[in-house]
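# Chain and residue survey
So the chains spell out like this:
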Amino acid sequence: MVSVELDIIQTAGVGALALIVGMFLTRRISLLQKFCVPSPVSGGIIFSLLSLALYAWFHVEVSFDGTLKDFFMTAFFTSVGFQSDFKVIKQGGRPLLLMLVLLVLMIAMQNLMATGMTRIMDINPLIGVAAGSVSMTGGHGTAGGFSALLEELGLQGGGTIAMAAATFGLVAGSMIGGPLAERLIRKKVMPNQLSEENESVSAMASGKETAKRAVMHHEEFLQYAEASYFILLTMGGGTLVNWLIVEIGLTVPTYFGAMILAVIVRNAMGLIKYKQHGKVVQADTLLHMDRIVSLGNICLPIFLGMAMISLQLWQLQSLALPLVVILLLQVVMMLLYAYFVAFPMLGRSYDAAVLCAGLCGFGLGATPNAMANMSAVCDKYRYAVKPFLIIPIIGGMCTDLINVGMITFFLNML
């Protein structure tokens, strides 16, 4: 076996190439657009397959330097922490609170089922963690974030297992959300709800606008620079938070401290007010949140691109059947949970059916999947304002924060 090691710069270059290839494929292949497959995944899997071919046919093992991958991963999760504004969550009302409860229950069930199945099949329980909410609710971002920790805890190929499970969940979440909502609407929703047009045009426009993810804008350099400094400063302070948590005896991923510190900083600054040009201004405006979100959205694909090219797919060979069994059970459980638990809790209404489509999307994949599922349903029937307001808040502000805490709890219980 010949080993080829790429250094930090070469790894970044190959990761960027995987992103460019993925972007090209996503634009050209409608199936990738339909299932909201991220560019780093579509491009990265090609390089993973190339590595597999080199390993299987030419006995060449390619390894990558993960230093920059870890940096961009921490930067992304720091930006996620900054997005967790408790004031916005508080204003979401009863539907948002119910979705938060459903989210917590869903994450717990995903982990309990997956780890329980590993005991039944007598395999490493960490495989259950990797195929639980790490990859289901967490998607590729959290799967990549926990990869190193899973491998440190003794799960060989933990990153490959988690990322493969996340890819499965991404496709499954897109496939089941729309049909589930369709059945709920036809069987459970009153016909008069389908023709209701009680939302004003302005509210509709506002809902659609809120649903859009922040994207990179051509704004002043200074705002992006200040946002970058806040992220870097919080990442540095986060290492101390991580150190304190580890000293207590808990196991956490490397980005956890930075994410928690970002949550604290964001909400603490939201409580501080000062006068500027005769107007009262909240201190959290200094963070330039739209810039922080944009920077996070840049860091995520770079991190995912480098994570995907690093997959060692040959490590899945011995785990193929157990992993498939767990993942199929995750899909079945998601369907039953949305149909028999989430829909009744959310009020058995048209909005509840649309929310269930979104729940399947980010419960097995990611927030873009949830938005795509709900859009497909609404295109057929009618637009629903509340789901498009609630799902981005849940997916953007709450999911990663709650999920990381829950996964950490399960890891420390094993």
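Residues numbered from 1 in each chain as written. Predicted model: local features only at pLDDT ≥ 70, side-chain atom pairs only at ≥ 80, totals over all residues. Heavy atoms only, no water.

## Overview of the overall build of the protein chain
Convention followed: Think of it this way: any DSSP run of H or I at least four residues long counts as a helix, any run of E at least two long counts as a strand, and we number them from the N terminus. Any residue under 20% of the maximum accessible area for its type is buried, any over 50% is exposed, and the rest in between are partly exposed; the area is computed with a 1.4 Å probe on protein chains only. Throughout, a contact is declared for two residues whenever any of their heavy atoms are within 4.5 Å. Method for areas: the Shrake-Rupley scheme with a 1.4 Å probe, in which residue coverage is limited to the protein chains shown. His is not counted, nor are the chain ends, whereas Lys and Arg count as positive and Asp and Glu as negative. Every charge is mapped to an atom, namely NZ of Lys, CZ of Arg, CG of Asp or CD of Glu.
In terms of regular secondary structure, the protein chain is built from 18 helices and four strands. Each of the three principal axes of the protein chain carries a C-alpha extent, and together these read 65 × 55 × 45 Å. Among the 414 residues that make up the protein chain, the fraction classed as buried is 53%. Expressed as a percentage of contacts within the protein chain between residues at least 6 apart in sequence, the contacts between residues at least 24 apart total 78%. For the protein chain, the accessible area works out to roughly 18900 Å², and carbon and sulfur atoms hold 66% of it. Between the centroid of the 24 positive side chains of the protein chain and the centroid of its 23 negative side chains there is a distance of 14 Å.

## Topic: a nonpolar patch on the surface
Convention followed: For patches, a residue must show more than 30% relative accessible area and have no salt bridge; joins then use 9 Å for like charges and 5 Å for nonpolar side chains, namely Val, Leu, Ile, Met, Phe, Trp and Tyr. Salt bridge, as used here: a side-chain nitrogen of Lys or Arg that lies within 4 Å of a carboxyl oxygen of Asp or Glu.
A grouping of L97, V101, L105, M109 and M345 is seen on the molecular surface, where their side chains present a nonpolar patch of about 380 Å² in accessible area. Element by element, the count of residues in the nonpolar patch is highest for helix α6 (residues 93-120), at four residues. Residue position: L105 is located in helix α6. Residue L105 is classed as partly exposed on the basis of its relative accessible area of 39%.

## As for unusual backbone geometry
Not every positive phi belongs to a glycine, and H59 is a case in point at roughly 55°. A relative accessible area of 47% places H59 in the partly exposed class. We note that H288 has phi near 55°; this positive angle belongs to a residue other than glycine. Among the structural elements, H288 can be located in the loop between β4 (279-282) and α14 (289-309). Of the residues examined, H288 reaches a relative accessible area of 15% and is grouped as buried.

## Quick notes on a positive patch on the surface
The grouping of R183, K187, K188 and R348 at the surface amounts to a positive patch. Positionally, R348 belongs in the loop between α15 (320-345) and α16 (350-364).

## Considering the pattern of salt bridges
Scanning the model with the defined rule gives five salt bridges in all. Residue R266 is joined to D284 by a salt bridge in which the shortest nitrogen-to-oxygen separation is 3.8 Å. Of the two residues, R266 is situated in helix α13 (residues 256-269) and D284 in the loop between β4 and α14; the sequence distance between them amounts to 18 residues. Accessibility expressed as a relative area gives 10% for R266, which makes it buried. A salt bridge links R291 to D290; the nearest nitrogen and oxygen atoms lie 2.2 Å apart. Because the salt bridges share partners, they merge into one network encompassing D85, R266 and D284.

## Some thoughts on the packing of aromatic side chains
Applied cut-off: For this analysis, a ring pair means two rings from Phe, Tyr or Trp (six-membered ring only for Trp) whose centres lie within 6.5 Å, classed as stacked if their planes differ by under 30 degrees, edge-to-face if by over 60, and tilted for the remaining angles. Consider the ring centre and the ring normal. A charge sits over the ring if Lys NZ or Arg CZ is within 6 Å of that centre and within 35 degrees of that normal.
In this structure the tally under the stated criterion is nine aromatic pairs. Ring plane angle 80° and centroid distance 5.4 Å describe the contact between F71 and F72, whose orientation is recorded as edge-to-face. Ring plane angle 65° and centroid distance 4.9 Å describe the contact between Y339 and F340, whose orientation is recorded as edge-to-face. Judged by its relative accessible area of 13%, Y339 falls in the buried class. Taken together, the aromatic side chains of F76, F77, F146 and Y255 make up a single cluster linked through ring pairs. Sitting over the ring of Y224, R291 keeps its end group 5.2 Å from the ring centre.

## Some words on the packing of α15 against α16
Going by this rule: All axes are obtained by fitting lines to C-alpha atoms, using only the stretch in contact for helices, and the reported angles, taken between N-to-C directions, cover 0 to 180 degrees. Should an angle fall under 35 degrees it is taken as roughly parallel, and over 145 as roughly antiparallel, whereas 65 to 115 is taken as roughly perpendicular and any remaining angle as oblique. We call a crossing left-handed when the near helix sits turned anticlockwise from the far one by less than a right angle, and right-handed when that turn is clockwise. The residue classification treats Ala, Val, Leu, Ile, Met, Phe, Trp, Tyr, Cys and Pro as nonpolar and Asp, Glu, Lys and Arg as charged. All others, Gly included, are polar.
Here α15 crosses α16 at 150°, and the two axes come no closer than 10 Å. Put simply, α15 runs roughly antiparallel to α16. In the packing of α15 onto α16, the handedness of the crossing is right-handed. Each of Q330, V331, M334, Y337, A338, A342 and F343 in α15 lies in contact with α16, whose residues at this interface are A352, A353, C356, L359, C360, G363 and L364. In the contact of α15 with α16, the residues fall into 12 nonpolar, two polar and no charged.

## Overview of the packing of helix α12 (residues 221-248) against α13
Relative orientation of the contacting elements α12 and α13 amounts to 115°, with a least axis distance of 7 Å. With respect to each other, α12 and α13 are oriented roughly perpendicular. For the element pair α12 and α13, the recorded crossing hand is right-handed. Counting all contacts with α12, which are made through T234, M235, G237, G238, V241, N242 and I245, the residues of α13 involved are F256, G257, A258, L261 and A262. Taken together, the residues of the contact of α12 with α13 break down into seven nonpolar, five polar and no charged.

On their own, these measurements won't tell you what the molecule is for.
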